[in-house]
Amino acid sequence: MTSHGLPDVSPPLVQIRRWLRAKLVSFPDDLLGDILLVCTELVSNAYDHARGPRDVRVELEAGGRVVRVEVDDGSPQALPAPGRSSAGAFRGRGLTLVECIASRWGVLNRGDRKTVWAEFSFDSPHPA
């Protein structure tokens, strides 16, 4: 698993996308685009709806057939819910996209923090 610490001030989305592209360089653009979109959404949510510290991780599992993206934040009580947003009526669609794009996603409560994760499963393996 590879980790990328996140600053407190604002989400470094461009840097995260570059980092993720470098980690998943062998993936075709269409698959990588889905992973980048979901990762961006999870990181953005950690800044919009939670407090720090924040961290993002990516791991290739099952011999390259599964990519797992995890985003930690310091607000374990603020559980995400698709279709609802604390940031206003015109928001709240991001997790609905995550549900549609990722193979599966979920939330782990870790006491003083939470991890929101998404997995992508593929028929054929992709080397890191």
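Up top is the structure these notes are about.
So, here is what we can say about the structure in this document. Treat the numbers as computed from the prediction; the structure is a model and nothing was measured.

1. Re helix H3 (residues 94–101)
Turning to H3, its buried residues number three or more, namely Gly 94, Leu 95 and Val 98. Across the axial projection of H3, the buried residues extend over an arc of 95 degrees, all falling on one side. Contacts from the buried residues of H3 go to helix H2 (29–49), strand E4 (104–109) and strand E5 (114–121).

2. Concerning the packing of H2 against H3
Closest axis-to-axis distance for the H2/H3 pair is 10 Å, and the angle between their directions is 145 degrees. Seen from above, H2 lies across H3 with left-handed handedness. Within the contact between the two elements, H2 uses Asp 34, Leu 37, Val 38, Glu 41, Leu 42 and Asn 45 and H3 uses Gly 94, Leu 95, Val 98 and Ile 101. A class-by-class count of the residues in the contact of H2 with H3 yields 6 nonpolar, 2 polar and 2 charged.

3. Details of the nonpolar core
Counting residues in hydrophobic clusters, the biggest one holds 28 residues, and the most contacted among them are Ile 35, Val 43, Val 67 and Phe 120. Those elements that provide at least two residues to this core are helix H1 (13–23), H2, strand E2 (54–61), strand E3 (66–73), H3 and E5. The dominant element in this core, judged by the number of residues it contributes, is H2, at 9 residues. Excluding its chain neighbours within four sequence positions, the residues that come into contact with Val 43 are Leu 6, Pro 11, Leu 13, Ile 16, Val 56 and Val 71.

Rules and cut-offs
- Within each chain, residue numbers correspond to sequence positions counted from 1 in written order.
- Owing to the predicted nature of the model, reporting of local features is limited to residues with pLDDT of at least 70; listing and counting of side-chain atom pairs is limited to 80 or more, with chain, interface and lining totals taken over all residues.
- Only heavy atoms go into the side-chain values, all of them from the structure, while hydrogens and water stay out.
- Exposure classes here rest on a 1.4 Å probe applied to the protein chains alone. A residue is buried below 20% of its type maximum, exposed above 50%, and partly exposed in between.
- Helical segments are the DSSP runs of H or I of at least four residues, strand segments are the runs of E of at least two, and each set is numbered from the N terminus.
- The arc in question is formed by the directions pointing from the helix axis toward the C-beta atoms.
- Contacts between residues were defined by any pair of non-hydrogen atoms, one from each residue, lying within 4.5 Å.
- Lines are fitted to the C-alpha atoms to define the axes, a helix being fitted only along its stretch in contact, and any angle between axes, read from their N-to-C directions, falls within 0 to 180 degrees.
- Take the far helix as your reference; a near helix turned counterclockwise from it by less than a right angle gives a left-handed crossing, and one turned clockwise gives a right-handed crossing.
- Each residue gets one label: Ala, Val, Leu, Ile, Met, Phe, Trp, Tyr, Cys and Pro are nonpolar, Asp, Glu, Lys and Arg are charged, and the others, such as Gly, are polar.
- By convention a nonpolar core is built from buried Ala, Val, Leu, Ile, Met, Phe, Trp, Tyr and Cys residues, the set being connected through side-chain atoms within 4.5 Å.

The quantities given are spatial measurements derived from coordinates; they are silent on function.
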